[in-house]
Amino acid sequence: MGRLPKSLLEEIFVADVETFYDVMRRQGITRRSFMKYCALTASALGLGPAFVPKIAHAMETKQRTPVIWVHGLECTCCSESFIRSAHPLAKDVVLSMISLDYDDTLMSAAGHAAEAAFEDTIQKYKGEYILAVEGNPPLNEDGMFCITGGKPFVEKLRYAAKDAKAIISWGACASYGCVQAAKPNPTQATPVHKVILDKPIIKVPGCPPIAEVMTGVITYMLTFDRLPELDRQGRPAMFYGQRIHDKCYRRPHFDAGQFVEEWDDDNARKGYCLYKMGCKGPTTYNACSTIRWNDGVSFPIQSGHGCIGCSEDGFWDQGAFYDRVTDLTQFGVESNADQVGFAAAGVVGAGVAAHAAVSALKTAQKKTQSQSSKEEA
């Protein structure tokens, strides 16, 4: 039996593969709108205009990636955040960019039908699917503190991770353990990376993570077929590369020594820095102060509450949320402006006087030398 020509094989394969672009066109999206979407995606990922055609090409040619989304010990806040993404819309990610074949929270199927979908996806896409994990596995008493599908969650996690291409740890629970792992941690709640040791894992911490950060990570992985650049803790550097403090709109008040002293005092009404109220912005790496929440409307500090550092490991066990991170030597620029001004004026005046004295001395020396020369002549 002869082999089919390679070109014909490619046509048959492509015909069976539905790409992101195919889905968008089927939904009535124009080419212009598609390219605008690619440009917005590049911007959200911090990429330049040169990457727009690369994103477009990937969306036009790559098959939608199957995703299995499992839930351990968690409160579902990551899913709640994800479905509120605006750039790109979560429905575009779920329905177009990926094939969300299993998510026991979002899927309509339940019970045996849901577990059948879980098993079918693993068998059909071995080594090709992304495993998204929300929550963490408790290891105490053989994992009996979290049962899903009639089995301990830790068993389900290991089984799904075995043939996964990569793993995304959604939120502080999966990334670090979060409040479930708070001392004394009776259930022995454990982050994903301490259970799965042989797979690439990208951590997207936060309680919950920002919606656009979640969809942005998926978009990057699907576009470039690789994990984004990660920091030392395994977080995508494009979103966790700067402290919240660095881009906070209240930063000028911090530099000026202007702080909220008590909740709802006059300084709070003026929008002064919340550091004295326990804000952890100076030690927390996340994109809250730039991307913000609810389609960029606000973030906790803008709403009058300090950052609690929820994207950092161990934030739940490192003192009260309203304690300062460290002692602070205040500059007090505004309150001491007059003193600083007078001091500066004094220094300048002294400098002018010293310069005048030196000039006079040099002039006197020159006159003396000139007089001596005339006398010798």
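Just so it is clear, the model here is predicted, and its values are computed rather than measured.

Participant: I'd like a rundown of the state of the cysteines, residues and numbers included.
Facilitator: For the coordinates displayed, the defined rule picks out 0 disulfides. Free cysteine Cys248: the closest other cysteine sulfur is in Cys279, separated by 6.6 Å. The thiol sulfur of Cys310 is not disulfide-bonded, and the nearest other cysteine sulfur, from Cys207, lies at 5.8 Å.

Participant: Go over unusual backbone geometry, please, and point to the residues and values.
Facilitator: Omega for the bond connecting Lys183 with Pro184 falls within 30 degrees of zero, at 10 degrees, which places this linkage in the cis form. Looking at where Pro184 falls in the secondary structure, it is placed in the loop between helix 9 (171-176) and strand 7 (201-204). Here Cys207 and Pro208 are connected by a cis peptide whose omega angle stands at 0 degrees. Inspection of the secondary structure puts Pro208 in the loop between strand 7 and helix 10 (211-224). One non-glycine residue, Cys178, lies in positive phi territory at about 55 degrees. Within the element layout of this structure, Cys178 appears in the loop between helix 9 and strand 7. For Cys178, a relative accessible area of 1% corresponds to the buried category. Notably, Asn185 is not glycine yet its phi reads approximately 55 degrees, a positive angle. Counting through the fold element by element, Asn185 comes out in the loop between helix 9 and strand 7.

Participant: Describe the packing of helix 7 (residues 111-124) against helix 8 (residues 153-162), listing the residues and the values that go with them.
Facilitator: Close contact between helix 7 and helix 8 brings their axes to 9 Å; oriented N to C, the two are set at 30 degrees. Taken together, the axes of helix 7 and helix 8 are roughly parallel relative to one another. Note on element contacts: helix 8 touches helix 7 through Lys156, Tyr159 and Ala160, opposite Glu115, Phe118, Glu119, Ile122 and Gln123. Residue composition of the contact of helix 7 with helix 8, grouped by class: 4 nonpolar, 1 polar and 3 charged.

Participant: Describe in detail empty space enclosed by the protein, supporting the description with residues and values.
Facilitator: The full count for this structure, using the stated rule, is 2 cavities of 30 Å³ or more. Of the volumes computed, that of the largest cavity is approximately 100 Å³. Every residue lining the largest cavity is listed: His245, Cys248, Arg250, Arg251, Phe254, Cys273, Leu274, Tyr275, Cys279, Gly281, Pro282 and Ile301. Looking at side-chain class alone, the lining of the largest cavity contains 8 nonpolar, 2 polar and 2 charged residues. Of the volumes computed, that of the second largest cavity is approximately 40 Å³. Taken together, Glu74, Cys75, Thr76, Cys77, Cys78, Glu134, Gly135, Trp170, Gly171, Ala172, Cys173 and Gly206 form the lining of the second largest cavity. If one sorts the elements of the lining of the second largest cavity by residue count, helix 9 sits on top with 3 residues. Taken together, the residues of the lining of the second largest cavity sort by class into 6 nonpolar, 4 polar and 2 charged.

Participant: Could you give me a rundown of helix 4 (residues 52-61), with the residues and numbers involved?
Facilitator: Helical periodicity: at 3.6 residues per turn, an α-helix aligns residues three or four positions apart in one direction. Taken together, the buried positions of helix 4 are occupied by Val52, Ile55, Ala56, Ala58 and Met59. Taken down its axis, helix 4 places every buried residue within 160 degrees of arc, on the same side.

Participant: Requested: an account of a nonpolar patch on the surface, with residues and values cited.
Facilitator: A surface patch of nonpolar side chains, amounting to about 310 Å² of accessible area, comprises Trp263, Phe321 and Tyr322. Structurally, Trp263 can be placed in the loop between helix 13 (251-255) and helix 14 (266-269). Of the residues examined, Trp263 reaches a relative accessible area of 40% and is grouped as partly exposed.

What counts and how
- Residues numbered from 1 in each chain as written.
- Predicted model: local features only at pLDDT ≥ 70, side-chain atom pairs only at ≥ 80, totals over all residues.
- Heavy atoms only, no water.
- Disulfide = S-S within 2.5 Å.
- Helix = DSSP H or I, 4+ residues; strand = E, 2+ residues; numbered from the N terminus.
- Buried < 20%, exposed > 50% of the residue type's maximum accessible area, 1.4 Å probe, protein only.
- Axes fitted to C-alpha atoms, helices over the stretch in contact; angles between N-to-C directions.
- Parallel < 35°, antiparallel > 145°, perpendicular 65-115°, else oblique.
- Contact = heavy atoms within 4.5 Å.
- Nonpolar A, V, L, I, M, F, W, Y, C, P; charged D, E, K, R; others polar.
- 1 Å grid on protein atoms, 1.4 Å probe; cavity = no way out; pocket = protein on both sides within 12 Å on 5 of 7 lines; lining within 4 Å.
- Points joined across faces, edges and corners; volume = space filled by probe spheres on them.
- Arc of directions from axis to C-beta.
- Patch = residues over 30% accessible without salt bridge, like charges linked within 9 Å, V, L, I, M, F, W, Y side chains within 5 Å.
- Areas by Shrake-Rupley, 256 points an atom, 1.4 Å probe, with all protein chains shown as cover.
- Salt bridge = Lys/Arg side-chain N within 4 Å of Asp/Glu carboxyl O.

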